[in-house]
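The lines below spell out each chain.
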Amino acid sequence: MTLYHFGNCLALIYVPYYLTYKYSGLSEYGAFWKCIQAGAIYAFTQLCKMLVLATFFPDTETISNAGDFSALAEFLRCTVDIADLMGLTLVLSRIPGKGHSKLITAGLGWATAELILSRALMLWVGARGAEFSWIYIQKCLESNILLAQHLTTATLLWLFSRHDLDKKFAPVVTFLIVATTYKGLWLDGILHVLSLGPWTCLALKAIVTGHMGVISASIIPAVAS
């Protein structure tokens, strides 16, 4: 039963990433090593963020009062996450080709690196435990939401860097970038105030991320044309 549960979690968390790579046409562009490079930049960015947090910011565990939601702690963390935008912008600048392959390569490589570094050990240690827990299924589903979020962020950064972006879309793109960066503050804050269950919170996160992705994707044809 333990091995079966671990296999289900492994399939749920990794198969969507594999399908995204296979059916997005990245294999035709030879983008595998570009994804590896994106992952390396992600790891370097996270190291820089940890150094900044440890050096210049107070202990967020003390601020958050034993794991409870703290707006200040979340604001500080989201502010440091601006480094992710810089790292992802660097990834986009190092990937040649058309917008479609560039966006998916950057977003998928970044999301896969985060998945491996932040979820692999958790699954190996926790999902193989003797007791079944829904929390690992929820974590796997959340990783799929993060994949969509990183693809959306890559799209927004690419749109923001385009000189031919219509001025009427510029405020929308800027607003979405800010909303994406501080989503952990405003979205988690709303969910905390509403005191919703974990499955409802997961569904709302998926809905919000999906809407942001649809809006971002709808702006691409106007730029590409």
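For every chain, the first residue of the written sequence is number 1, and numbering continues from 1 onward in sequence order. Totals for whole chains, interfaces and linings use all residues, but because this is a predicted model, local features are given only for residues with pLDDT of at least 70 and pairs of side-chain atoms are given and counted only at 80 or more. For side-chain calculations, the full set of non-hydrogen atoms in the structure is used, while hydrogens and water are omitted.

What exactly am I supposed to notice about the packing of aromatic side chains here?
The description of an aromatic ring pair uses the distance of the two centres, along with the angle that the planes make with each other. Each pair of aromatic rings taken from Phe, Tyr and Trp, with Trp reduced to its six-membered ring, is defined by centres within 6.5 Å and is described as stacked if the planes are under 30 degrees apart, edge-to-face if over 60, and tilted in the remaining cases. On inspection of all chains with the given rule, the structure shows three aromatic pairs. Arranged with centres 5.1 Å apart and planes meeting at 85°, the rings of Tyr 42 and Trp 110 form a pair that is edge-to-face. Within this pair, whereas Tyr 42 is found in helix H3 (residues 32-56), its partner Trp 110 is found in helix H7 (residues 99-127), the two being separated by 68 residues in sequence. Of the two residues examined, Tyr 42 and Trp 110, each falls in the buried class. With a centroid separation of 5.7 Å and an interplanar angle of 25°, the aromatic rings of Phe 75 and Tyr 182 are classed as stacked. Of this pair, Phe 75 sits in helix H5 (residues 71-80) while Tyr 182 sits in the loop between helix H9 (170-181) and helix H10 (183-194), and the two are 107 residues apart along the sequence. Throughout this description, buried means an accessible area under 20% of the type-specific maximum (1.4 Å probe, protein chains only), exposed means over 50%, and partly exposed covers the range between. Judged by relative accessible area, which is 18%, Tyr 182 ranks as buried. Counting from the N terminus, the helices are the DSSP runs of H or I reaching at least four residues and the strands are the DSSP runs of E reaching at least two.

I'm lost on the side chain of Thr 155 in this one. Help?
Here Thr 155 shows up in helix H8 (residues 134-161). With residues near it in sequence (within four places) discarded, Thr 155 still touches Leu 103, Ser 216 and Ile 220. Should any heavy atoms of two residues lie within 4.5 Å, those residues are considered in contact.

Explain the nonpolar core here, please?
Side chains of a nonpolar character, in soluble globular proteins, are inclined to be buried together. One finds Val 91 and Val 173 to be the most contacted residues of the largest nonpolar core, which totals 25 residues. The element that contributes the greatest number of residues to this core is H8, accounting for five residues. Excluding anything up to four places from it in sequence, Val 173 contacts Leu 156, Leu 159, Phe 160, Leu 165 and Ile 219. Ranked by size, the runner-up nonpolar core spans 17 residues in total, among them Phe 6, Ala 31, Leu 108 and Leu 147. The set of buried Ala, Val, Leu, Ile, Met, Phe, Trp, Tyr and Cys residues whose side-chain atoms join them within 4.5 Å is what this entry labels a nonpolar core.

Help me out: how do you make sense of the pattern of salt bridges in this one?
Proximity of charged atoms lets side chains of opposite charge pair with each other. The rule for a salt bridge is simple: a side-chain nitrogen of Lys or Arg has to be within 4 Å of a carboxyl oxygen of Asp or Glu. Under the criterion given, the structure shown has eight salt bridges. Across the pair Lys 49 and Asp 81 runs a salt bridge, and its minimum N-O distance is 2.6 Å. A residue pair is termed long-range when its members are at least 10 positions apart, and Lys 49 in helix H3 and Asp 81 in the loop between H5 and helix H6 (82-93) qualify at 32 residues. Of the residues examined, Asp 81 reaches a relative accessible area of 13% and is grouped as buried. Across the pair Asp 164 and Arg 162 runs a salt bridge whose closest N-O atoms are separated by 2.7 Å. Owing to a relative accessible area of 42%, Asp 164 belongs among the partly exposed residues under this scheme.

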